Structures are given as structure tokens and as C-alpha cells.
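Letter by letter, the chains look like this.
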Amino acid sequence: PFTHTHDFDEYQVDSSYTMYWVSALGVLVGFLLRLGFIPTLFLGRLTNLLFFAALSSYAVKKAPIAKSMFAVCALLPMTLHLAASYSRDSNLLALCFLFVALVLHLAFGGQEVISYKQWILPCLIGILIAPAKIVYFPLMALVFLIPATRLGSKSKWLKCGFLTLCFAAFLFSAGGRVILNDFIGGTT
């Protein structure tokens, strides 16, 4: 019938609290300073906004191309609305901006061979993003923009290893476990 609905238990996001650590730090500081309920809430939102602003400005600085595009995307009204909220998307968007900028920097930032130190930060950020929301997983494929000559002889192994770690991080998250259980159980 027209009014009939069906509920699907299909997670698209992880249920961990990783993306709430920044706002939780602001709330903790407000609690320790005994600021009261409303100022503590505002401090948590302000902490998210400052974290977003710091990572977004660093992303604009690190991007070798399209710096103005990064700045415009970070200043869009909905992006700023999310950045100043308690939404997990605030920190997730900031990490996505930074991840894309770092990968573009590795891809188009020079001709020298990339050291392992330069490779670690994008990998860690990617592994944080991948389980948070599955819709951001295709961003991880941007590592294929990095020329093989810049990564050395193990280029394919590094790129595929990174994507495998991101996929494993997703599968071990709550959303990945639900999707995997549905797939194995035959309900998908």
C-alpha cells in the first residue's frame, strides 16, 4: 500500500565517536572551566569551527593547484553551517579537504621522489576518512593521480596497500560489519 514503509538496517556511517573528539575537547575545557551549560555548548561548536578553519587553511596552503577552489568550497554556506555545528561532518569535511590537497601536492607538487614521511600523513587521514562514511571512499582513489616515478619502484604496492588498508578500516567499522553480514547472510 501507499502508506506502507520498510525499515532497512543498513549503515552508511561508522558508529564510533572518532569524529567527535574535537568538539568533545571543547566541551571538556568548558566543563573544567565551569563555564555553564550554554557557554560550554558554544565552546564545543567553536572548537569544531576552529579545527575546520585550521585544516581548511592548511589545505589551501598545501594545494599546488586550484587554491581558490579549495577556499571557495570551504566558504560555502552549507560547509560553514556544518563546520560550526556538532555534526561529525565538520571534522570529516576538513579531513577530506586536507586529504585531497595533500594528494594533489604529492601528484603535482614537484618532480622529486616522495619520501615515506610525505606519504604517512595522507595515509593516516585516508584511514580516518574511509570508515567514517562510505560515500567518501572514492576519494581514496585519488592516490592514482600520483605518478609512479614519484613513488619509486613500489608504486603499485604502495597505492594498492593504501586502498586495502582503507577498505579494511571500513570493513572493521560498524557499517562495514553490517554490510558484510548482510552480504554473507544472503540478504543483500
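Higher on the page you've got the structure.
These remarks concern the structure in this document. Please read these numbers as outputs of a predicted model, since none were measured by experiment.

### Some points on the overall build of the protein chain
When you go through the protein chain residue by residue, the secondary structure sums to nine helices and zero strands. Along the protein chain, helices and strands appear, N-terminal first, in the series α-α-α-α-α-α-α-α-α. Principal axes of the C-alpha set define a box for the protein chain whose edges measure 55 × 50 × 35 Å. Looking at the protein chain as a whole, 38% of its 188 residues qualify as buried. Sequence separation of at least 24 residues holds for 72% of the intrachain contacts in the protein chain that already meet a minimum separation of 6. A total accessible area of about 11,500 Å² is found for the protein chain, and carbon and sulfur atoms account for 73% of it.

### Looking at a nonpolar patch on the surface
On the surface, a cluster of nonpolar side chains totalling about 700 Å² of accessible area is made up of Leu25, Leu28, Val29, Phe31, Leu32, Leu33 and Leu35. Classification of leucine 32 by relative accessible area gives exposed; the value is 59%.

### Concerning the state of the cysteines
Covalently bonding the sulfur atom of one cysteine to the sulfur atom of another cysteine gives a disulfide. Per the counting criterion, the structure on display carries zero disulfides. A disulfide-free cysteine, cysteine 123 has its sulfur positioned 7.4 Å from the sulfur of cysteine 166, the nearest such atom.

### What to know about the nonpolar core
Judged by nonpolar contacts, the single largest core of 40 residues is most densely connected at Phe70, Phe99, Trp119, Ile129, Val143, Ile146 and Phe162. Elements represented by at least two residues in this core include exactly α2 (37-62), α3 (67-74), α4 (77-83), α5 (88-108), α6 (116-132) and α8 (155-171). The element that contributes the greatest number of residues to this core is α5, accounting for 15 residues. Filtering out sequence-adjacent residues up to four positions away, valine 143 remains in contact with Phe99, Val103, Trp119, Lys159, Phe162 and Leu163.

About the cut-offs
Residues numbered from 1 in each chain as written. Predicted model: local features only at pLDDT ≥ 70, side-chain atom pairs only at ≥ 80, totals over all residues. Heavy atoms only, no water. Helix = DSSP H or I, 4+ residues; strand = E, 2+ residues; numbered from the N terminus. Buried < 20%, exposed > 50% of the residue type's maximum accessible area, 1.4 Å probe, protein only. Contact = heavy atoms within 4.5 Å. Areas by Shrake-Rupley, 256 points an atom, 1.4 Å probe, with all protein chains shown as cover. Patch = residues over 30% accessible without salt bridge, like charges linked within 9 Å, V, L, I, M, F, W, Y side chains within 5 Å. Salt bridge = Lys/Arg side-chain N within 4 Å of Asp/Glu carboxyl O. Disulfide = S-S within 2.5 Å. Core = buried A, V, L, I, M, F, W, Y, C linked by side-chain atoms within 4.5 Å.

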